[in-house]
Amino acid sequence: MATSDIEIAEHALQHHFADMDQQKETSTFGMWLFLVTEIMFFGGLFCAYLIYRSTYYQAFVAGSQTMNIWLGATNTAVLICSSLSMALGVRCAQTNKIKMMVVLLLITIMFGFAFLGIKAIEYHEHWTHHQFPGPNFQFEGAEAAGVSPQNVQIYFSLYWAMTGLHALHMVIGIGLVTWIVIAGWRGAYGPDYYSPVENVGLYWHFVDLVWIYLFPLLYLISKKHGG
Amino acid sequence: MSVEEHRQHVIPTSVYVGIWAILMVLTATTVFASFIELGDWNIVLALTIATIKATLVVLFFMHLYYSSKLTKVTMIAAIFFLFLLLALSMTDYLTRGWLTNPGH
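Note that the structure is predicted; figures quoted are calculated from it, not measured.

Let's talk about the pattern of salt bridges
- In total, this model carries 2 salt bridges over all chains according to the counting rule given.
- Between A:Lys119 and A:Glu122 there is a salt bridge, with its nearest N and O atoms 3.2 Å apart. Of this pair, A:Lys119 and A:Glu122 both sit in helix H5 (residues 98-128), 3 residues apart, which is roughly one turn of that helix. The pair A:Lys119 / A:Glu122 is uniform in exposure class, with both members buried.
- With a closest N to O distance of 2.7 Å, B:Arg96 and B:Asp92 form a salt bridge.
- For B:Arg96, a relative accessible area of 53% corresponds to the exposed category.

Things to note about the packing of aromatic side chains
- As enumerated under the stated definition, the model contains 24 aromatic pairs over all chains in all.
- Aromatic pair A:Tyr123 and A:Trp160: ring centres 4.5 Å apart, planes at 15°, arrangement stacked. One end of the pair, A:Tyr123, is in helix H5; the other, A:Trp160, is in helix H7 (residues 149-185), with 37 residues separating them in the sequence. For the pair A:Tyr123 and A:Trp160, one class covers both residues: buried.
- An aromatic cluster is built from A:Tyr49, A:Phe60, A:Tyr123, A:Trp127, A:Phe132, A:Phe137, A:Phe139, A:Tyr155, A:Phe156, A:Tyr159 and A:Trp160, whose rings are joined through pairwise contacts.
- The cationic tip of A:Lys119 hangs over the ring face of A:Tyr123; the distance from NZ or CZ to the ring centre is 5.3 Å.
- Between B:Arg96 and the ring centre of B:Tyr93, over which it is positioned, the NZ or CZ distance is 4.4 Å.

A few points about the confidence of the model for chain B
Residues and elements named next belong to chain B.
- Counting all residues, the mean pLDDT for chain B is 89, and 90% of those residues have values of 70 or more.
- Within chain B, helix H1 (residues 2-6) has the poorest average pLDDT of any element, 43, and helix H2 (residues 13-34) the best, 96.
- When the criterion is pLDDT under 50, residues 1-6 qualifies, and its contacts beyond four places in sequence or with other chains add up to 6 contacts.
- If you check the scores for this complex, the pTM reads 0.91 and the ipTM reads 0.89.

Describing the layout of surface pockets
- By volume, the largest pocket amounts to about 1000 Å³.
- The wall of the largest pocket is formed by 32 residues, among which A:Tyr213, B:Thr51, B:Ile79, B:Leu82 and B:Leu86 lie closest to the centre.

Structural notes on the environment of A:Thr55
All names here are of chain A.
- Counting through the fold element by element, threonine 55 comes out in helix H2 (residues 20-55).
- With a relative accessible area of 47%, threonine 55 lands in the partly exposed category.
- Engagement of the side chain of threonine 55 in a polar contact is seen with the backbone oxygen of isoleucine 51, the distance being 2.6 Å.

Regarding the interface of chain B and chain A
- Across the contact, 48 residues belong to chain B and 54 residues belong to chain A.
- For the chain B and chain A pair, buried surface summed over both sides reaches about 4600 Å², with 75% attributable to carbon and sulfur atoms.
- The interface formed by chain B and chain A includes 0 salt bridges.
- The interface formed by chain B and chain A holds 6 residue pairs in polar contact (both at pLDDT 80 or more) in total.
- Where the side of chain B that touches chain A is concerned, the elements lending two or more residues are H1, H2, helix H3 (41-61) and helix H4 (69-93) of chain B.
- The element contributing the most residues to the side of chain B that touches chain A is H4(B), with 12 residues.
- Here the residues of the side of chain B that touches chain A sort into 31 nonpolar, 13 polar and 4 charged.

What counts and what doesn't
Residues numbered from 1 in each chain as written. Chains lettered and ligands numbered in written order. Predicted model: local features only at pLDDT ≥ 70, side-chain atom pairs only at ≥ 80, totals over all residues. Heavy atoms only, no water. Salt bridge = Lys/Arg side-chain N within 4 Å of Asp/Glu carboxyl O. Helix = DSSP H or I, 4+ residues; strand = E, 2+ residues; numbered from the N terminus. Buried < 20%, exposed > 50% of the residue type's maximum accessible area, 1.4 Å probe, protein only. Phe/Tyr/Trp six-rings, centres within 6.5 Å; stacked < 30°, edge-to-face > 60°. Lys NZ or Arg CZ within 6 Å of the ring centre and 35° of its normal. pLDDT = per-residue confidence, 0-100. Contact = heavy atoms within 4.5 Å. 1 Å grid on protein atoms, 1.4 Å probe; cavity = no way out; pocket = protein on both sides within 12 Å on 5 of 7 lines; lining within 4 Å. Points joined across faces, edges and corners; volume = space filled by probe spheres on them. Polar contact = N/O pair within 3.5 Å; in protein donor to acceptor, adjacent residues only side chain to side chain. Buried area = accessible area lost by both parts, 1.4 Å probe. Nonpolar A, V, L, I, M, F, W, Y, C, P; charged D, E, K, R; others polar.

What follows is the structure in structure tokens.
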């Protein structure tokens, strides 16, 4: 048992690392550094949101009240479930249950598609109501709410940009998990070498993290004082 | 033996499921809380819950709690710089009305 483990270890160890431990540490740290750049990438949009929200608060309230809070909450739950299956998938790689890992990652992909499907329903709803920034933008409740449609358009610009960038990350995430499933099925990973599984997991959880903030900021601004 | 020692800490399945349950309860709480009129405290509560959720995801799902000090410091630095980006931008936008311009 121990001998075969060491053989796998030597097979996967790249020459410029001292041991598997250092190699794994380096790989995972590189992923964290990438996620730091992602935090700053999304951070720019969050900063724009903060500035415009503080400037046109009532318009943002009016815009957020068109959101379907139940679809948003369902999607939050879907992503949390996907994070659980992802985390358990990584654990299966650690404990050498590769078949179970493949199953859990397929479940993760399924949750990913469920999220995108629900998001597509919401996007379609906004699109048919002309709630897309551009020459055809319309906001019927603007008069009643006493806000300028132009300012509500800023809310929707940020809504589409932030959720769109997040959805793009979901699409990339699904692609990455698919890659791990295929490579895992072919026997690429085991307890001594699962850095790609771990790192794709980190990416997936990061995308979940972004949504954890997007949901309250875009959907839950204010349910009552819309006037 | 040495290979065993090098392996990363394996977190029990029960911890993952427990964190998941807390995250689901917090999601329900934040939706419920949004229907209660709390004025300015609505956003404070929503962001506090979001931050608790984010912290749990980072510490346990992303294993930061069990990671090296280097990784922890890197994450803290990232949060610090994000805060810097937001805070310094707001020192401009929130203070524009503070000073009047005599003669205009």
